[in-house]
Amino acid sequence: MRIVLCSRLSGHGGVAVYNRTLARALSDDGHDVTIVTSDASLAARLRQTEQDGIATVYIPTEIPRHWRLPGLRYYARSWNHRRYSRSLDGWLSSLPQAEKPDVVEFAEVGGEGFFFTRRLDRPAVVVRCHTPTFILRKHHVGGEMKFDTGIVERMEKACIRGADLLTTPSVDMAEVVSSETGVPLDRFHPVANAVDVNLPDPADLRVGQSQVPEGAVVVLHVGRLERIKGIGVLADAIPRVLRACPNAFFVFIGQPRAAEDGQMWDRKLHDFFEHASVSSRVRLLNYVDTPVMNGWYRRADLAVVPSLNYESFSYTCAQAMAAGLPVVATAIGGMPETLGRGSCGILYDPPESKPLTDALVALIRDGTLRRKMGSRGRERANACFAAPVVARRMVELYEKAIRSRS
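Residues numbered from 1 in each chain as written. Predicted model: local features only at pLDDT ≥ 70, side-chain atom pairs only at ≥ 80, totals over all residues. Heavy atoms only, no water.

**Some remarks on the side chain of Thr357**
At step 1: As for its placement among the helices and strands, Thr357 is situated in helix α11 (residues 353–365).
At step 2: Since its relative accessible area comes to 7%, Thr357 is described here as buried.
At step 3: Look past the residues within four positions of Thr357 in its chain and what remains in contact with it is Ala237, Arg240 and Val241. (Helix = DSSP H or I, 4+ residues; strand = E, 2+ residues; numbered from the N terminus. Buried < 20%, exposed > 50% of the residue type's maximum accessible area, 1.4 Å probe, protein only. Contact = heavy atoms within 4.5 Å.)

**Quick word on the nonpolar core**
At step 1: Ranked by internal contacts, the top residues of the largest apolar core, which has 64 residues, are Leu22, Leu26, Ile253, Trp296, Tyr297, Val327 and Tyr398.
At step 2: In terms of residue count, the dominant contributor to this core is helix α13 (residues 387–404) (eight residues).
At step 3: With sequence-adjacent residues up to four places away left out, Val327 is seen in contact with Ala303, Val305, Cys317, Ala320, Met321, Leu339, Cys344, Gly345 and Ile346. (Core = buried A, V, L, I, M, F, W, Y, C linked by side-chain atoms within 4.5 Å.)

**Some details on the sheet that holds strand β9 (residues 217–222)**
At step 1: Ordered by their spatial adjacency, six strands build an open sheet running β11-β10-β9-β12-β13-β14, and the pairing between neighbours is parallel. Bordering the open sheet on either side are β11 (282–284) and β14 (345–348), each of which pairs with just one other strand. With strand direction ignored, the average angle separating the axes of adjacent strands in the sheet is 20°.
At step 2: Set on the sheet, helix α9 (residues 315–322) makes contact with β9, β12 (302–305) and β13 (327–330); between it and β13 the angle comes to about 165°. (Pairing = 2+ DSSP bridges. Axes fitted to C-alpha atoms, helices over the stretch in contact; angles between N-to-C directions.)

**Things to note about the side chain of Asp89**
At step 1: Structurally, Asp89 can be placed in helix α2 (residues 73–94).
At step 2: Here Arg119 takes part through its side chain, which lies 2.7 Å from a polar atom of the side chain of Asp89.
At step 3: Ignoring any residue separated from it by four or fewer positions in sequence, one finds Asp89 in contact with Phe115, Phe116 and Arg119. (Polar contact = N/O pair within 3.5 Å; in protein donor to acceptor, adjacent residues only side chain to side chain.)

Dropping the structure here:
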């Protein structure tokens with residue numbers, strides 16, 4: 001089968017990880033796979049290369065300078081999404097007959113399939129609802145989305161309604177999108193995100209871990225440093241956790257974002273921990289490459305996902321589970337499904353820090369419970385999230401989408 005996986009989002013975010021992980025599994029199973037993504041650099045041009053053995057097409061998305069002028073800046077993002085969708089449509093439509101895909105999968109984010117789904121002569125289209133802008137907007141406060149979302153939200157909904165088949169990472173995501181768009185729930189097919197459950201040998205992954213105190217229980221946070229990811233709530237909990245569990249040690253991995261006051265979150269956290277006299281028990285690593293991050297998954301004793309944002313699945317939860325870690329997470333969106341309704345960790349209701357504190361203390365103090373939950377998590381990750389398992393299910397759905405157009 002010839003498959004094209006499209007996602008404007010590149011880098012280390014969940015959608016990009018899903019595409020790369022699924023593409024490798026599909027390719028290993030004998031399918032012809034191409035990934036299409038964006039390039040926002042100033043020298044960007046339409047080009048095709050190969051990454052990890054997968055053909056990858058880059059479509060330029062750099063925003064011209066005049067869109068950064070006052071009055072236009074607010075709509076620059078919407079204009080950019082429309083231009084990208086048009087460029088993607090142009091590339092797909094220009095493929096010679098021998099290279100045309102059997103099925104195209106779009107991420108719904110940004111409505112990237114808006115123009116292509118409207119074509120009558122197109123191949124089968126699958127749209128995967130990771131987390132649409134019209135859902136994310138409801139979880140942000142004033143000033144965090146300083147751009148127009150109305151145009152993009154309409155593009156996303158049109159893309160969803162125009163698909164031949166719809167998938168989501170969780171049942172909860174299907175229910176939310178169905179409610180927001182009016183698309184019948186039975187048109188959605190929940191399939192977990194694909195996860196690479198086979199981490200490299202731990203002997204190769206100890207870079208940067210020499211500062212962990214002997215006997216420490218390591219609590220790992222992986223995710224962007226910003227309010228919507230619950231960073232402030234976690235920071236508030238840490239001094240209380242350390243008073244109850246002095247052997248705890250916290251590690252933050254993730255790119256810092258600007259707070260509402262303009263200060264970067266890594267600086268805010270550094271100052272907060274210094275003032276609370278707990279900085280010796282916290283490491284702020286910001287961005288690290290994948291091998292180093294995998295090493296911390298191996299070294300940690302538990303993971304924490306305090307997100308205040310809607311999470312349709314949570315790669316951090318799934319990757320922690322694959323490493324055998326129990327997870328403390330907010331009971332938001334699809335995270336309870338990912339964690340087996342709490343069998344693989346402890347779920348709590350945000351946004352207060354006390355239930356987070358209590359959950360962390362319970363797991364830090366109880367090694368037996370950590371091992372039991374971690375073991376369940378590894379079993380669940382292997383059975384439900386492993387890339388070959390997800391790839392086989394997606395192929396079944398691709399075939400169904402193809403049949404629907406014959």
